[in-house]
Amino acid sequence: MHASLIDTIRPGGMTRRQFIKSVIAVGAVSSSGFLFSGPADAGPSTSPGTVERLITLNVNGQRRRVDVLPQETLAQTLRNKLGLTGLKVGCDRGECGSCTVLVDTVPQYACSLLTHSVRGKAILTVEGLARADGKLHPLQQGVLDEQGFQCGYCAPGFLMATLGFLATNPNPTRQELAHGVSGNLCRCQDYDKILTALMRGAENMRKE
Amino acid sequence: MAIIRDGMPPFDLFRPTSVGDALALAGRLGADAWILAGGFDSLERFKDRIKRPKAVIDLGAIDELRGVRREGSDLVIGAMTTLTEVSRHPDIRERFGLLSEAAAAVASPQIRNQGTLGGNIAQDTRCWYYRSGWTCYRAGGGTCFAGESPQGQNREHAIFGAEGCVAVNPSDTAPALVALEARLLIKNPKGGREIAAEDFFVGPDQDITRLNILAPGEMLTAIRLPATWSGATFYFEKVSDRPVWDFPLVNIAAAMRLTGDRIDQSHLVLGAVAARPWRLLEVEAAVAGRDRNDVAEAASRLAPKGAVVLPQNGYKAVLAANLIKRALLGNRDA
Ligand SMILES: Cc1cc2nc3c(=O)[nH]c(=O)nc-3n(C[C@H](O)[C@H](O)[C@H](O)COP(=O)(O)OP(=O)(O)OC[C@H]3O[C@@H](n4cnc5c(N)ncnc54)[C@H](O)[C@@H]3O)c2cc1C
Ligand code: SF4
């Protein structure tokens, strides 16, 4: 939008910055028509709680500046905008677990979270596990050593779910870990091997 | 019927940080606004274009809606408290273990980490015709595809209280809250009220288009557990196809006050058998004052009384009978 145009249509009493923020917030093109027609009252855009589109996310310990639509899911932002394609979108409905990431250490389905809702929280994806020098995370090493997965599509989700679970129970029985990762599906039906590998990873983590 | 598309259609998003701001927004946006909690009942329908709200009010940034606090001898649970927190909270576990168990039985760990207690009881039905956008009675149309069509797929549908619509309330926590005589705090832009959990849920005889009394712009802010059933004898069991993810085919939440084996008082509530949690009042009356070992068989025969089964869901009446027996005896192997 051209600056002078913004000045002429600026609703009364708003600073230019506030106005830009509100246009961004309403997102849909059709909604800005509503702003044009509104006189002094700019409608919902001036409401408390309006979201800005250009936000900063904390992903894998880095601050990432990103333009996020109101209706965007965290899976879309991470994969399509930040290039973090480790997480997979299997069902996009919270029914498979392949998009699991950690939000403040808690495993969540990135397909079913609005990106705006994780502002100010620490996101960890599978890309954030290995050290900068390339050394694998002990959980990853366990999976590699046991050749835990067959096709591997569900692996990033399983790793993140396991990591989140181990934060609450670092020394689980096999049964407890199975329950901990029960929100993750493997279409290869490789659960037995996966559990063996994750148990080995958990053991590696306790040794470190 | 999950068709994966590029994303959700656009909506305006608001993330107020206080209940007051949320109510003001809800008041102004009226029926255009959708209240968002954990999103597990909402985003899926936005993705499928079944619901297309113009605005979404996300309650996730309102701290006062989260957490569990004591108020005198009551426990008050914020509507946005996650199901994981509800299932683990020491006070809830110690005094109202029925609710902890019910919350732990919901869906999967990740869904419990994000899904909220308020959202779990305010969720809509999972009838797939309705969820797929078919214009049935519940959606304002003129038929019920599940119950009235000869090809209707109704294995998961209601056996009690159906009128026109045979959909069920799929919540695992709702029957537990009814059994515990929970009180629900509801706020709207004009004020607030507190109602019994039992009166929150709505059958098709009352309103065929919704499962609870929340009007547009109304918010559930908290769930109050009065001391009435604190530390009682509880039984919760959920029968589902898989132990994870799947909604209950039938669940039972029972709260009993016992003297030895004599049942002084009980609340026996079935879930997923009707559009609202289904209290078995006749059974409660029949077992009062009786030794549970003596009365369990008779109660079991009485439980399905009044059930009207559909071609594919007769098994639910059998499950109801068996679950009542197990609940009264407190024995999963009974
Ligand atoms: C794959 C899958 C499996 C599931 N399995 C189960 C299961 O086995 N058992 C079970 O009980 N549930 C199950 N669920 C349902 C899930 O637990 C609920 O959808 C979830 O708890 C809804 O809560 P939410 O916080 O995600 O709510 P949302 O989806 O955000 O909200 C649900 C509804 O309630 C309204 N709402 C929410 N909070 C408030 C409030 N405070 N005031 C007013 N209105 C409000 C919303 O407007 C919306 O209409 C499953 C869901 C999925 C996706
Ligand atoms: S059971 Fe209810 S929701 Fe399902 S098709 Fe029939 S009227 Fe619609």
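Anything mentioned here points back to the structure above.
Residues numbered from 1 in each chain as written. Chains lettered and ligands numbered in written order. Predicted model: local features only at pLDDT ≥ 70, side-chain atom pairs only at ≥ 80, totals over all residues.

1. Looking at the packing of helix 6 (residues 155-168) of chain A against helix 8 (residues 191-207) of chain A
Residue and element names in this part refer to chain A.
- At their nearest, the axes of helix 6 and helix 8 sit 11 Å apart, and the two run at 45° to each other. By the criterion of interaxial angle, the relationship of helix 6 to helix 8 is oblique. The element helix 6 and its partner helix 8 pack so that their crossing is right-handed. Across the interface between the two elements, F158, T162 and L166 of helix 6 pack against I194, L198, G201, A202 and M205 of helix 8.
- Counted by class, the contact of helix 6 with helix 8 contains 6 nonpolar, 2 polar and no charged residues. (Axes fitted to C-alpha atoms, helices over the stretch in contact; angles between N-to-C directions. Helix = DSSP H or I, 4+ residues; strand = E, 2+ residues; numbered from the N terminus. Parallel < 35°, antiparallel > 145°, perpendicular 65-115°, else oblique. Left-handed = near helix turned anticlockwise from the far one by under 90°. Contact = placed C-beta atoms within 7 Å. Nonpolar A, V, L, I, M, F, W, Y, C, P; charged D, E, K, R; others polar.)

2. Topic: the pairing of strand 5 (residues 74-78) of chain B
Residues and elements named next belong to chain B.
- As defined by bridge partners, strand 4 (residues 68-71) adjoins strand 5 across 4 bridges and the pair is classed as antiparallel. Paired with R69 across the bridge in strand 5 is V76.
- In this sheet, strand 8 (residues 219-225) lies alongside strand 5 in antiparallel orientation, the contact comprising 4 bridges. Looking across to strand 8, one finds that I77 is bridged to I223. (Pairing = 2+ DSSP bridges.)

3. Here we look at the site of ligand 2
- For ligand 2, the set of nearby residues contains 15 residues, the closest of which are C127, Y130, C136, C144 and C165 of chain B.
- Each residue belonging to the shell around ligand 2 can be placed in one class, and the counts come to 11 nonpolar, 3 polar and 1 charged. (Near = placed C-beta within 6 Å.)

4. Some words on the pairing of strand 3 (residues 55-58) of chain B
Residues and elements named next belong to chain B.
- Covered by surrounding structure in strand 3 are A55 and I57 together with V56 and D58, the residues of both alternating faces.
- Sheet analysis places strand 1 (residues 12-14) next to strand 3, joined by 3 bridges and oriented parallel. What sits directly across from L13, in strand 3, is V56.
- As paired strands, strand 2 (residues 33-36) and strand 3 are joined by 4 bridges and run parallel to one another. From the neighbouring strand, I35 faces strand 3, where its bridge partner is I57. (Buried ≥ 20, exposed ≤ 12 C-beta atoms within 10 Å, placed from the backbone.)

5. Details of the nonpolar core
- Formed by 151 residues in total, the largest nonpolar core has its most connected members in I57, L98, L180 and V273 of chain B.
- Here this core spans two domains, and each of domain 2 (54-128) and domain 3 (138-207) of chain A adds at least three residues to it.
- Excluding residues that lie within four positions of it along the chain, I57 of chain B makes contacts with F14, P16, A22, L25, A26, A33, I35 and L36 of chain B. (Core = buried A, V, L, I, M, F, W, Y, C linked by C-beta atoms within 7 Å. Domains from an automatic or database assignment.)

6. Observations concerning the interface of chain A and chain B
- Facing 35 residues of chain A, the contacting portion of chain B comprises 32 residues.
- Mapped by element, the contributors of at least two residues to the side of chain A that touches chain B are helix 2 (16-26) and strand 4 (106-109) of chain A.
- With 4 residues, strand 4 of chain A is the largest single contributor of residues to the side of chain A that touches chain B.
- Each residue belonging to the side of chain A that touches chain B can be placed in one class, and the counts come to 14 nonpolar, 17 polar and 4 charged.

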